[in-house]
Amino acid sequence: MQKIDQACVNTLRFLAADQVEKAKSGHPGFPLGTAPLMYTIWDRYMSYNPANPNWFNRDRFILSPGHGSALLYAMLHLAGYDLSLEELKNFRQWGSKTPGHPEYGLTPGVDVSTGPLGHGFAMGVGFAIAEAMLAGTYNKPDFPVIDHYTYGLTSDGDLMEGVSCEAASLAGTLGLGKLIYLYDDNKITIEGDTSIAFTEDVEARFKAYGWQVLRVADSEDVEAMAAAIKEAQADTTHPSLIIVRTHIGFGSPKQDSPSCHGEPLGADALAATKEKAGWPQEMFHVPAEAKEHFAAKLPACAKAEADWNALMDDYKACYPELAAELADRMAGKINVDLEALEALFKEQTKSATRASSGDVIQKLAEQVPALVGGSADLGPSNKTVMKAGGYFSKLDHKGRNIHFGVREHAMGTVLNGLALHGGFVPFGGTFLVFADFLRPTIRMAALMGIQSIFVLTHDSIALGEDGPTHQPIETTMGLRLIPNVSVIRPADALETAVAWQQACLNKTKPTCLLLSRQNLPVMHEYAAVIHENAAKGAYVLSPAKETAKVVLIGTGSEVELALKAQAKLAEEGIDASVVSMPSWDLFDAQSEEYKESVLPAGVTKFAVEAGVPYGWSRYTGSEKNVLGITTFGASAPGGVMLEKYGFTVDNLVAKVKAVL
């Protein structure tokens, strides 16, 4: 290793180890072992500009084993990002920009939040699809306006996780040649040597997935790693995994031991490690030559972005319409014509909301060029196919539909990668009950505050004959528990149009659209009030004729039931109003005055939803004031299911009368 390379690598190593030591918490083993890998990527190949961390055509970098965050912070500091040495000294402390795992939106230069192993690896597939899709759509001869790589470090733990297997298989199928990972093959996990649980031939597995697999025998050989990355770039039709034999805790007394994974080295071991490397004992030492080496890159970093801006100016002159569309996508500019969506249903009397969603998607495909997506092999059932969109594939990068295969978990991570990359409004579909496969990705989307849309159909026991394995009972409420997620369960086609409008416009959180299999009446008589108020999450759909004695709150398919119960109660001299509440979170965001107008104090509230009743008491005052379901379902036609589980007018009326 050349002298300057060694100086920079050791700077990264010991800045990371010092962060962990000062915090008395963290993971020093990974940074000590993989600092040369990080350095090689950033020194030899990364195209970036610290003055503008969000430059659109930059290369993306993913640290999939996010527990090694101290190494990434050291790299960003050295590369010139707005991450001071003081921030490194505040590693894992309250209010710092250097949390225990990388967090998107908090630390300049962090492209993705990584923590759950495998997720970073899989989100990288989304990044690579994004680059290929935009390049296929907008690049022209002499105008490679979208042209960048996705690089990353991955680990044994990442590759054990099922989501990385799903994502790697998809990436190989799609031939994502600009996705390059360096694999930290240190053969150690928390519990011991990888041989205790991970004996497969990783090289053979990835070759079977359709990846190019390269090997570097010595992690200290920067030139060999640089040559491997160059070889990876040369293969434009296969993603690349570069297996690098590394040593956790390199150079320390704890090298190749699990003990240096998740705890500080300790003062004595850290001192011994520095002494062995010929490094000053001073904490947070950054030698002048390392600073100067990366400072010397800054003019070229700025020039790379300036050259791209000039290319974009020329592109605009030659292809003004495409340039304008691309500019809007990069800026996240979205226009949704709600009236055009609502007009789709003027002649309809009944429609399953999954079918209504499918109709909306066709119109949105015209309105929102950034809209892309697909389904976990359930497109015909989820109604998620854009009929004029074409299919993204190894041979066609222009398609807007994505075949995710039966890979719900990877689908969610790819959606997140697309959203993080920018230029996309991504959606993915499956059955609501399978949201449990997606839950970690929904949570990560919520944590990062990104616009992934999850189309979740067959939303209740009314799906019928497929039986309890496919009938969600607790799923809806479970999704509502995740902070910063918008969960919308529309009652008809018109509410579905509004739900999609909100999903497209809400750029700071993911949206879950919960849709019915069975047909529901299109509520044309309430069209005006739906248009005006459905986006507020809850609204008075059908007021009481006089002073309401009870407010019936319904969601989704149960709004129809609430309206019928309102009529039956009126026959018995009981005035009731009906509130449609498609979204708790949208309603909770309204003013106190508005919420009081919908759910006035002093009036009995009763909710009906084909799911668990737990949680509804926040609106009804008691779980006794809820018609729900607390057992698993059964296999029978949907109408029979609803009757057998008490979702009938007579039962709802009886329960309401019992609490009045």
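Residues numbered from 1 in each chain as written. Predicted model: local features only at pLDDT ≥ 70, side-chain atom pairs only at ≥ 80, totals over all residues. Heavy atoms only, no water.

Here we come to the overall build of the protein chain. Helices and strands together make up the secondary structure of the protein chain, namely 27 helices and 20 strands. Its C-alpha radius of gyration of 27 Å places the protein chain within 12% of the 26 Å reference for a compact globule of 660 residues. With respect to the three principal axes, the spread of C-alpha positions in the protein chain is 90 × 60 × 45 Å. In the protein chain, once contacts between residues fewer than 6 apart in sequence are set aside, the share between residues at least 24 apart is 77%. For the protein chain, the exposed area adds up to about 24,400 Å²; of that, 52% sits on carbon and sulfur atoms. (Helix = DSSP H or I, 4+ residues; strand = E, 2+ residues; numbered from the N terminus. Rg over C-alpha atoms; globule rule 2.2 N^0.38 Å. Contact = heavy atoms within 4.5 Å. Areas by Shrake-Rupley, 256 points an atom, 1.4 Å probe, with all protein chains shown as cover.)

Once that is clear, we can look at the nonpolar core. Counting 78 residues, the largest nonpolar core has Trp500 and Leu552 as the members making the most contacts within it. Non-local contacts of Trp500, meaning those with residues more than four positions away in its chain, are made with Ser357, Val360, Ile361, Leu364, Leu371, Phe427, Ile453, Val455 and Leu513. Counting 74 residues, the second largest nonpolar core, distinct from the first, contains Phe56, Tyr183, Phe198 and Ile243. (Core = buried A, V, L, I, M, F, W, Y, C linked by side-chain atoms within 4.5 Å. Buried < 20%, exposed > 50% of the residue type's maximum accessible area, 1.4 Å probe, protein only.)

A few words on the confidence of the model for the protein chain. Regions with low pLDDT should not have their predicted coordinates read in detail. In this model, the protein chain carries an average pLDDT of 98, and 100% of its residues clear a pLDDT of 70 or more. When mean pLDDT is taken per element in the protein chain, strand β3 (residues 179-185) scores highest with 99 and strand β4 (residues 188-189) scores lowest with 94. (pLDDT = per-residue confidence, 0-100.)

Okay, the environment of Val640 next. When you line up the elements, Val640 lands in helix α26 (residues 638-644). Considering only alpha carbons, one finds Val640 and Ile461, 179 residues apart in sequence, at a separation of 9.8 Å.

Within this structure, the stated rule accounts for 26 aromatic pairs. Between Phe434 and Phe437, the ring centres sit 6.0 Å apart and the planes meet at 45 degrees, which makes this aromatic pair tilted. Among the residues examined, Phe434 registers a relative accessible area of 18% and is labelled buried. One aromatic cluster in this structure is built from Phe121, Tyr181, Phe206, Tyr209 and Trp211. Sitting over the ring of Phe294, Lys297 keeps its end group 5.8 Å from the ring centre. Between Arg329 and the ring centre of Phe424, over which it is positioned, the NZ or CZ distance is 4.9 Å. (Phe/Tyr/Trp six-rings, centres within 6.5 Å; stacked < 30°, edge-to-face > 60°. Lys NZ or Arg CZ within 6 Å of the ring centre and 35° of its normal.)

Once that is clear, we can look at the pattern of salt bridges. Oppositely charged side chains may form a pair once their charged atoms are brought near each other. What the rule picks out here adds up to 26 salt bridges. Among the salt bridges present, the one from Arg489 reaches Glu558, with a minimum N-O distance of 2.6 Å. With a gap of 69 residues between them, Arg489 in the loop between β13 (486-488) and α20 (493-505) and Glu558 in helix α22 (residues 558-571) connect regions that are remote in the sequence. Residue Arg489 shares its accessibility class with Glu558, and that shared class is buried. Look at the salt bridges and you will find they share partners, linking Asp5, Asp43, Arg44, Glu223 and Lys297 into a network. (Salt bridge = Lys/Arg side-chain N within 4 Å of Asp/Glu carboxyl O.)

What follows covers the side chain of Gln212. With respect to the helices, strands and loops of the structure, Gln212 is situated in strand β6 (residues 212-216). Here Gln212 falls in the buried class, since its relative accessible area comes to 14%. Here Ser240 takes part through its side chain, which lies 2.7 Å from a polar atom of the side chain of Gln212. (Polar contact = N/O pair within 3.5 Å; in protein donor to acceptor, adjacent residues only side chain to side chain.)

The next point concerns the sheet that holds strand β12 (residues 453-457). The six strands are arranged β10-β9-β11-β12-β14-β13 in an open sheet whose pairing can be described as parallel. Looking at which strands have only one partner, the edges of the open sheet turn out to be β10 (401-403) and β13. The average undirected angle you get between the axes of adjacent strands in this sheet is 20 degrees. Taken together, the three bridges between β13 and strand β14 (residues 511-514) define a ladder with parallel strand orientation. Residue pairing for β14: Ser486 is matched across the bridge by Thr511. Of the strands in this sheet, β11 (425-431), β12 and β14 touch helix α18 (residues 435-448), which is tilted by about 165 degrees from β12. (Pairing = 2+ DSSP bridges. Axes fitted to C-alpha atoms, helices over the stretch in contact; angles between N-to-C directions.)

This brings us to the pairing of strand β9 (residues 371-375). When a strand is regular, its side chains alternate between the sheet's two faces. The element β9 is largely enclosed, with a buried count of five among its five residues. Alternating residues of β9 divide into Leu371, Gly373 and Ser375 and Val372 and Gly374, and every residue in both groups is buried. Across five bridges, β9 lies against β11 in parallel orientation. The residue bridging Ser375 from the neighbouring strand is Gly429, located in β11. Note that β9 and β10 share three bridges and pair parallel. Along β10, the bridge assignment pairs Ser375 with His403.

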